[in-house]
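Architecture and fold: a report
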Amino acid sequence: EPEVTQTPSHQVTQMGQEVILRCVPISNHLYFYWYRQILGQKVEFLVSFYNNEISEKSEIFDDQFSVERPDGSNFTLKIRSTKLEDSAMYFCASSDTRWASNQPQHFGDGTRLSIL
Amino acid sequence: AQSVTQPDIHITVSEGASLELRCNYSYGATPYLFWYVQSPGQGLQLLLKYFSGDTLVQGIKGFEAEFKRSQSSFNLRKPSVHWSDAAEYFCAVGARENTGRRALTFGSGTRLQVQP
């Protein structure tokens, strides 16, 4: 079964540094999402991306965050100047275009981001 | 805005016993409903989903869930729990066509421990 893959599995970064988290969505999917899960808390939506632009974003997704699909396969989340509170597990998800199936049913294993 | 409540933070059951995890949602209409499971250090795996039709849905690993519109609930059940079921379980809701945010809204999760 096709999978969403995320790299790296664990990223350790100094506070204030930029970090890029990478995702390869399932190849025929066109909607892409980032979620995060702070340790011990619920999974929270950050942003969704379709047709090379952001389609929705949450209040968490401020100017420090950006997303990009630099080529036909990768989907990235950039945090420009990391803060301690950005430490979390970040999940990428993808789904196809039909609304009923457009729920992000396919999640990657996540990238654990640790800010020092 | 849609929201999900999982009243039980932590549940412990004996292996072989039955299980029910509670989920209540708040939404203006009938949403799409999901249960995900997360094993330690792993991503989110879809157990089952409800879109329409039969209110009792079957999922993987012997799990089932029942949608009850009158109670705004979507409780997850398993008749006989296995030690490998120990994990965190998340209920999630997603909007139907053009009625809200495509991305999922998750509950806080229920951590399941299985005693031998």
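Shown above is the structure to which this text applies.
A brief look at the structure comes next.

Scoring rules and cut-offs
- Per chain, residues are indexed from 1 in the order of the written sequence.
- For this description, chains carry letters from A and ligands carry numbers from 1, given in the order in which they are written.
- Note on the predicted model: pLDDT of at least 70 is required for a residue's local features to be given, and 80 or more for side-chain atom pairs to be given and counted; whole-chain, interface and lining totals, by contrast, use all residues.
- As a rule here, side-chain values cover all heavy atoms of the structure and leave hydrogens and water aside.
- Helix and strand definitions here come from DSSP, where helices need a minimum of 4 consecutive H or I residues and strands a minimum of 2 consecutive E residues; each element is numbered from the N-terminal end.
- We compute the radius of gyration over the C-alpha atoms and compare it with the globule rule, which gives 2.2 Å times the number of residues raised to the power 0.38.
- Between buried and exposed lies partly exposed: a residue is buried under 20% and exposed over 50% of the maximum accessible area for its type, with that area taken using a 1.4 Å probe on protein chains only.
- What makes two residues a contact is simply this: any of their non-hydrogen atoms within 4.5 Å.
- Note that accessible areas follow from Shrake-Rupley with a 1.4 Å probe, and for residues the cover is restricted to the protein chains shown.
- Asp and Glu are treated as the negative residues and Lys and Arg as the positive ones, with His and the ends of the chain left uncounted.
- Here the site of a charge means NZ on Lys, CZ on Arg, CG on Asp, or CD on Glu.
- Note that a disulfide, as used here, is simply two cysteine sulfur atoms within 2.5 Å.
- In this description, buried area is defined as the sum, over both parts, of the accessible area (probe of 1.4 Å) that is lost when the two are combined.
- A 3.5 Å cut-off defines polar contacts: any pair of N or O atoms within that distance qualifies, except that in protein one atom must be a possible hydrogen donor and the other a possible acceptor, and neighbouring residues in sequence count only when both atoms are side-chain atoms.
- Whenever a carboxyl oxygen of Asp or Glu lies within 4 Å of a side-chain nitrogen of Lys or Arg, that contact is scored as a salt bridge.
- The criterion for strand pairing is that DSSP finds at least two bridges linking the strands in question.

1. Points about the overall build of chain A
For chain A, the count of helices and strands is zero helices and 11 strands. Listing each helix as α and each strand as β along chain A from the N terminus yields β-β-β-β-β-β-β-β-β-β-β. Taken against the 2.2 N^0.38 rule, which gives 13 Å for 116 residues, the C-alpha radius of gyration of chain A at 13 Å falls within 12% of a compact globule. Each principal axis of the C-alpha distribution contributes one length, and for chain A these read about 40 × 30 × 25 Å. When the 116 residues of chain A are sorted by exposure, 47% land in the buried category. Partitioning the intrachain contacts of chain A with sequence separation of at least 6 by distance along the chain shows that 55% fall at a separation of at least 24. Accessible area for chain A stands at about 5,700 Å²; split by element, carbon and sulfur atoms hold 45% of it. Taking the average location of the 10 positive side-chain charges in chain A and that of its 15 negative ones, the two points are 2 Å from each other.

2. Re the state of the cysteines
Residue and element names in this part refer to chain A. Counting across every chain of the model gives two disulfides over all chains. There is a disulfide in this structure between Cys 23 and Cys 92, and the S-S distance comes to 1.9 Å. Between Cys 23 and Cys 92, the S-S dihedral sits near -65°, and the bridge is therefore left-handed. Placement of Cys 23 in strand β3 (residues 19–24) and of Cys 92 in strand β9 (residues 88–95) is noted, with a sequence separation of 69 residues between them.

3. Focus: the interface of chain A and chain B
Taken together, the contacts link 21 residues of chain A with 25 residues of chain B. Summed over both sides, the interface of chain A with chain B buries roughly 2,100 Å², with 55% coming from carbon and sulfur. On the surface where chain A and chain B come into contact, there are three residue pairs in polar contact (both at pLDDT 80 or more). When residues of the side of chain A that touches chain B are traced back to their parent elements, those giving at least two are β4 (31–37), β5 (43–50) and β6 (53–57) of chain A. The biggest single contributor to the side of chain A that touches chain B is β4(A), with four residues.

4. A look at the pattern of salt bridges
Residue and element names in this part refer to chain B. One pass over the structure, following the stated rule, counts six salt bridges over all chains. Taking the shortest distance from any N to any O, the salt bridge between Asp 8 and Arg 22 comes out at 2.8 Å. You can see Asp 8 sitting in the loop between β1 (3–5) and β2 (10–14) and its partner Arg 22 sitting in the loop between β3 (19–21) and β4 (24–26), a full 14 residues away along the chain. Accessibility expressed as a relative area gives 17% for Asp 8, which makes it buried. On the basis of relative accessible area, Arg 22 is assigned to the partly exposed category, the value being 38%. Sharing partners across several salt bridges, the network here consists of Glu 64, Glu 66 and Arg 77.

5. Section: the pairing of β2(B)
Residue and element names in this part refer to chain B. Burial of β2 is one-sided: the residues Ile 11 and Val 13 facing one way are buried, the residues His 10, Thr 12 and Ser 14 facing the other way are not. Where β2 meets strand β12 (residues 110–115), five bridges bridge the pair, whose relative direction is parallel. By the bridge assignment, Val 13 is partnered in β12 with Val 114.

The analysis is restricted to geometry; functional conclusions fall outside its scope.
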